[in-house]
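Each chain, letter by letter, is given below.
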Amino acid sequence: MKKMLAILLTVALALTATAALAEPVTVKFAAQADSTPATQAVIDAFNASQTDYVVEWVDMTNDSSAMREQLTTSLKAGSSEYDIISMDVVWAGEFAASGYIQPLDMMIEDAGLDVADYNAGSMASGSYNGKQYVLPFFPDLGLLYFRTDIVSEEDAAKLVAGDYTWEDLLAMSEKYAGQGDTTTGFVFQASLYEGLVCNANEFTSNWKDIKGGLEIMKQFIDSKSTPDNILNYTEGETANSFIKGESVFARNWPYMWGSIKSEGTITTDQVAVAPLPGGSTVGGWILGINKNSENEEGAFAFMTYLNSEEGQLIMSAQGGYLPGLNKMLTDERILASDARLTMVGFQNALKTTIARPVSAEYSKVSDALQQAIYPYLSGSADIDATVTAVETALAE
């Protein structure tokens, strides 16, 4: 009897151990709050798609600086409390250099994935010292908005195709300023903050032509086609000017389309978008894996699911997020849920995204770039000294 009880106990323990082994592994996903259902929906879909892993969303603040501080405090301590980390595109270089996130090259290769299949700007933002550290979460990008009821069909065609230069845009801004009850030609972000870096990145074609790009940027500022206080313009002033019908052209992010629809005195029927001459600065968020994660396989499985056709459809249909998987930009199912993507100019802009400088200390680089560029634009520094200062900042 005792022998039988021992056998039964052994079997019971074995079954318990087997059941424990069969329990799915919990993967913690640190991501900012989402006002749409998309993030939770893609998590639920992944969890339902397989039995090996369960992703749990650690809901972070939408305050980018506070979220970065919370993440770095945890990562610096070597914590494994987060497996997948959602990062602003400008954090990846710092996180990679600090050893907070792990390179994904072998995982990407083993999964048969191709880096070129994903948003170029997002991937460039997560490339550090020749290694790839990220996959996209959702990209964002700079766009040129313009008034189709003012700009000629010939000029509009050039803009939408991306077949124009900054000099061409300046000429158009001067030509059309004041038409259609507008008061100015072109508005963009030239104030002393991060937006200045994004705009300078575009004017200089990703820092390939620093002198030429900054010189044409200053020509815009000195031109009568921009507001006298353009050096104080952030995204808010830019949007306010354009949606109220005060400007013919505006450089801003995709969110302004929604502002036109909900708050504008003009309508979306009067507006089209185009790529920027030097490329569109990428914004948005990217995904990396905590170097200390004990569940890296599950983390990568979720990241690849989110960037699969199914995951991208959920993010687009339920959240209006732009696809990070390039082929989905022309997928009929996504085009049906996001009218912006049917616009040729938007599609062309998505093909020319450029990253901001990837650095181990991006905040310092950004500050140095702002402090180098702004004095020149405001007329208190010469171009040669400015170029030298910019090159020094980029080399940090």
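Residues numbered from 1 in each chain as written. Predicted model: local features only at pLDDT ≥ 70, side-chain atom pairs only at ≥ 80, totals over all residues. Heavy atoms only, no water.

*Asks:* How should I be thinking about the overall build of the protein chain in this particular structure?
*Replies:* What the protein chain contains, in helices and strands, is 18 helices and twelve strands. Projected onto the principal axes, the alpha-carbon positions of the protein chain cover approximately 100 × 45 × 35 Å. Residues classed as buried in the protein chain amount to 53% of the 396 residues present. Residue pairs at least 24 apart in sequence account for 74% of intrachain contacts in the protein chain once pairs closer than 6 positions are excluded. Here the protein chain displays about 17,100 Å² of accessible surface, and carbon together with sulfur accounts for 51% of that area. (Helix = DSSP H or I, 4+ residues; strand = E, 2+ residues; numbered from the N terminus. Buried < 20%, exposed > 50% of the residue type's maximum accessible area, 1.4 Å probe, protein only. Contact = heavy atoms within 4.5 Å. Areas by Shrake-Rupley, 256 points an atom, 1.4 Å probe, with all protein chains shown as cover.)

*Asks:* I would appreciate a short explanation of the packing of helix H2 (residues 38–49) against helix H14 (residues 309–319) in the present structure.
*Replies:* Relative orientation and spacing of two packed helices are given, respectively, by the angle between their axes and the distance between those axes. Viewed as axis vectors pointing N to C, H2 and H14 meet at an angle of 150°, and their least axial separation amounts to 8 Å. In this view, H2 runs roughly antiparallel relative to H14, as classed from their interaxial angle. In the crossing of H2 with H14, the sense of the turn from one axis to the other is right-handed. When H2 is examined against H14, the residues Ala-38, Thr-39, Ala-41, Val-42 and Ala-45 are found in contact with a partner set consisting of Gly-311, Ile-314, Met-315, Gln-318 and Gly-319. For the contact of H2 with H14, the per-class residue count stands at six nonpolar, four polar and no charged. (Axes fitted to C-alpha atoms, helices over the stretch in contact; angles between N-to-C directions. Parallel < 35°, antiparallel > 145°, perpendicular 65-115°, else oblique. Left-handed = near helix turned anticlockwise from the far one by under 90°. Nonpolar A, V, L, I, M, F, W, Y, C, P; charged D, E, K, R; others polar.)

*Asks:* How should I be thinking about the sheet that holds strand E7 (residues 143–147) in this particular structure?
*Replies:* The four strands are arranged E8-E9-E7-E10 in an open sheet whose pairing can be described as mixed. Lying at the two open borders of the sheet, with one neighbouring strand each, are strand E8 (184–187) and strand E10 (271–274). The average undirected angle you get between the axes of adjacent strands in this sheet is 15°. When E7 meets E10, the two strands line up antiparallel, connected through four bridges. Pairing of Tyr-145 across the sheet is with Val-273, part of E10. Packed on one face of the sheet, helix H12 (residues 255–263) meets E7, strand E9 (247–252) and E10 and runs near 30° to E7. (Pairing = 2+ DSSP bridges.)

*Asks:* Even after reading the chapter, I still don't get the side chain of Ser-316, so can you show me in this structure?
*Replies:* Along the chain, Ser-316 turns up in helix H14. We classify Ser-316 as buried; its relative accessible area is 1%. Excluding residues that lie within four positions of it along the chain, Ser-316 makes contacts with Tyr-321, Ile-334, Ser-337 and Asp-338.

*Asks:* Where do I start with the pairing of strand E11 (residues 280–289) in this structure?
*Replies:* Consecutive residues of a regular strand have side chains that alternate between opposite faces of the sheet. Most of E11 is tucked away, with ten of its ten residues classed as buried. Because side chains alternate across E11, one face comprises the buried residues Ser-280, Val-282, Gly-284, Ile-286 and Gly-288, and the other comprises Thr-281, Gly-283, Trp-285, Leu-287 and Ile-289, equally buried. By the bridge criterion, five bridges tie strand E3 (residues 84–88) to E11 in an arrangement that is antiparallel. Considered in E11, the bridge of Ser-86 is made with Leu-287. Here six bridges tie strand E6 (residues 135–141) to E11, and the two strands are oriented antiparallel to one another. Looking at the pairing, Pro-136 lines up with Ile-286 of E11.

*Asks:* What exactly am I supposed to notice about the pattern of salt bridges here?
*Replies:* Note that side chains of opposite charge can pair when their charged atoms are close. Here the structure, examined in full by the defined rule, presents twelve salt bridges. The shortest N-O distance in the salt bridge between Asp-155 and Lys-175 comes to 3.4 Å. Highlighted residues: Asp-155 in helix H7 (residues 153–161) and Lys-175 in helix H8 (residues 166–176), separated in sequence by 20 residues. In this structure, Arg-333 engages Glu-309 in a salt bridge whose closest nitrogen and oxygen atoms are separated by 3.1 Å. Of the two residues, Arg-333 sits in helix H15 (residues 332–337) while Glu-309 sits in helix H14, which places them 24 residues apart along the sequence. Residue class for Arg-333 comes out partly exposed when judged on its relative accessible area of 45%. Salt bridges linked by common partners bring Glu-309, Lys-327, Asp-331 and Arg-333 together as one network. (Salt bridge = Lys/Arg side-chain N within 4 Å of Asp/Glu carboxyl O.)

*Asks:* Honestly, H8 in this entry has me stumped. Any pointers?
*Replies:* All buried positions along H8 are accounted for by Trp-166, Leu-169, Leu-170, Met-172, Ser-173 and Tyr-176. End-on view of H8: buried residues confined to an arc of 165°, all on one side of the axis. Contacts made by the buried residues of H8 are with E7, H7, E8, helix H9 (194–203), helix H10 (210–222) and E9. Gly-178 sits one or two positions beyond H8 and adopts a positive phi of about 95°. (Arc of directions from axis to C-beta.)

*Asks:* So what exactly am I meant to see when it comes to the side chain of Arg-356 here?
*Replies:* Mapped onto the secondary structure, Arg-356 falls in the loop between strand E12 (353–354) and helix H17 (362–377). For Arg-356, a relative accessible area of 11% corresponds to the buried category. Polar contacts involving the side chain of Arg-356 include one to the side chain of Glu-194, which spans 2.8 Å. Side-chain polar atoms of Arg-356 contact the backbone oxygen of Val-282, separated by 3.4 Å. (Polar contact = N/O pair within 3.5 Å; in protein donor to acceptor, adjacent residues only side chain to side chain.)

*Asks:* Any chance you could explain the packing of aromatic side chains here in plain terms?
*Replies:* Geometrically, a pair of aromatic rings is defined through the distance of the ring centres and the angle of the planes. Under the definition given, this model contains 18 aromatic pairs. Taken together, a centroid distance of 6.1 Å and an interplanar angle of 55° make the contact between Tyr-145 and Phe-242 tilted. Of this pair, Tyr-145 sits in strand E7 while Phe-242 sits in helix H11 (residues 235–243), placing them 97 residues apart in sequence. In terms of burial, Tyr-145 and Phe-242 fall into one category: buried. The interplanar angle of 70° and the centroid separation of 5.7 Å between the aromatic rings of Phe-203 and Phe-220 together place this pair among those described as edge-to-face. With Phe-203 in helix H9 and Phe-220 in helix H10, this pair connects stretches of sequence that are 17 residues apart. As far as burial versus exposure is concerned, Phe-203 and Phe-220 are alike and both buried. Grouped by ring-pair contacts, the aromatic residues Phe-29, Phe-46, Phe-137, Phe-138, Phe-302, Tyr-305 and Tyr-321 constitute a single cluster. In this arrangement the basic side chain of Lys-218 is found over the ring face of Tyr-376, its NZ or CZ atom lying 5.9 Å from the centre. (Phe/Tyr/Trp six-rings, centres within 6.5 Å; stacked < 30°, edge-to-face > 60°. Lys NZ or Arg CZ within 6 Å of the ring centre and 35° of its normal.)

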